[in-house]
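# Geometric and topological summary
If you want the building blocks of each chain, they are given just below.
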Amino acid sequence: MHDLAARLRRLPPSCGPVRLIGVDGHAGSGKSTFAGRLARALDDAPVLHLDDIASHDEQFDWTGRLLAQVIEPFGRGASARYTPYDWHGRRFGPPRALPPAPVVLVEGVGAGRRALRPHLARLLWLELSPEEAWTRGRLRDGEEQRDFWDGWVLAEREHFAVDPSRPFADLLVRQFGEGYEVLEGPAGTVCPDQSLTQGDGPSAMC
């Protein structure tokens, strides 16, 4: 993990003074846990969870809000101010500041979407099949969230069908026990309309 953190620190800024790192993958794939560990290796780098940007009514239609509240301020070298969504209260809360730190992680399904990729220094993809990820997520959230998950799976399928992230990932991250394996991703090796077959590339343990 510390080797990966060192690699990310050496990148040039991608959004004003910020090295914005996207952490994408299917719901339930372990993005939040991985982003938390990576943030600690980056001396407690800020993590923006896209669950705070999305809402019940806009599970994936939140690009404009993220650009206005986070990306545009970072581009000016200013602190971002976003309004985190309360999934229980079904409303947006008071503004929360997010400083333009040297490295900021953006974690969540859709972090590598087309509109955000130009602002990312690197895109990481948690490598777990959708079926495995969704099963883990359902077990984690329990029976009371069954209806939500049924709707989410349909929405996620539709999103990635028209705006996939994995083909543009710079790095693929696989979890093994308590550690992670980081593989070179498919970015730069396929065209947007070209089909992708998963293969192994150079790897490094972190």
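Let us look at the structure shown here. (Residues numbered from 1 in each chain as written. Predicted model: local features only at pLDDT ≥ 70, side-chain atom pairs only at ≥ 80, totals over all residues. Heavy atoms only, no water.)

## Examining the pattern of salt bridges
Evaluated as defined, the whole model comprises 11 salt bridges. Between Arg114 and Asp163 there is a salt bridge, with the nearest N and O atoms lying 3.9 Å from each other. Taken as a pair, Arg114 in the loop between strand 7 (103-107) and strand 8 (122-126) and Asp163 in the loop between helix 5 (146-162) and strand 9 (171-176) lie far apart in primary sequence, 49 residues in all. Among the residues examined, Arg114 registers a relative accessible area of 49% and is labelled partly exposed. Of the charged contacts, one joins Asp141 and Arg140 as a salt bridge, the two residues approaching to 3.0 Å between their closest N and O atoms. Among the residues examined, Asp141 registers a relative accessible area of 26% and is labelled partly exposed. Residue Arg140 is classed as exposed on the basis of its relative accessible area of 58%. A single salt-bridge network, built from bridges that share partners, covers Arg114, Arg117 and Asp163. (Salt bridge = Lys/Arg side-chain N within 4 Å of Asp/Glu carboxyl O. Helix = DSSP H or I, 4+ residues; strand = E, 2+ residues; numbered from the N terminus. Buried < 20%, exposed > 50% of the residue type's maximum accessible area, 1.4 Å probe, protein only.)

## Here we look at unusual backbone geometry
The phi torsion of most residues other than glycine is negative, and most of the peptide bonds are trans. With a phi close to 60 degrees, Asp43 is a non-glycine residue in the positive phi region. Its place among the elements puts Asp43 in the loop between helix 2 (31-41) and strand 2 (47-49). The phi angle at Asp44 is positive, at roughly 60 degrees, despite the residue not being glycine. In this fold, Asp44 is placed in the loop between helix 2 and strand 2.

## Considering the environment of Arg122
Locating Arg122 in the fold gives a position in strand 8. With a relative accessible area of 32%, Arg122 lands in the partly exposed category. In this structure the C-alpha to C-alpha distance between Arg122 and Gly28, which are 94 residues apart in sequence, comes to 21 Å. The contact partners of Arg122, leaving out residues within four places of it in the chain, are Leu8, Leu11, Leu20, Ile21, Gly22 and Asp170. (Contact = heavy atoms within 4.5 Å.)

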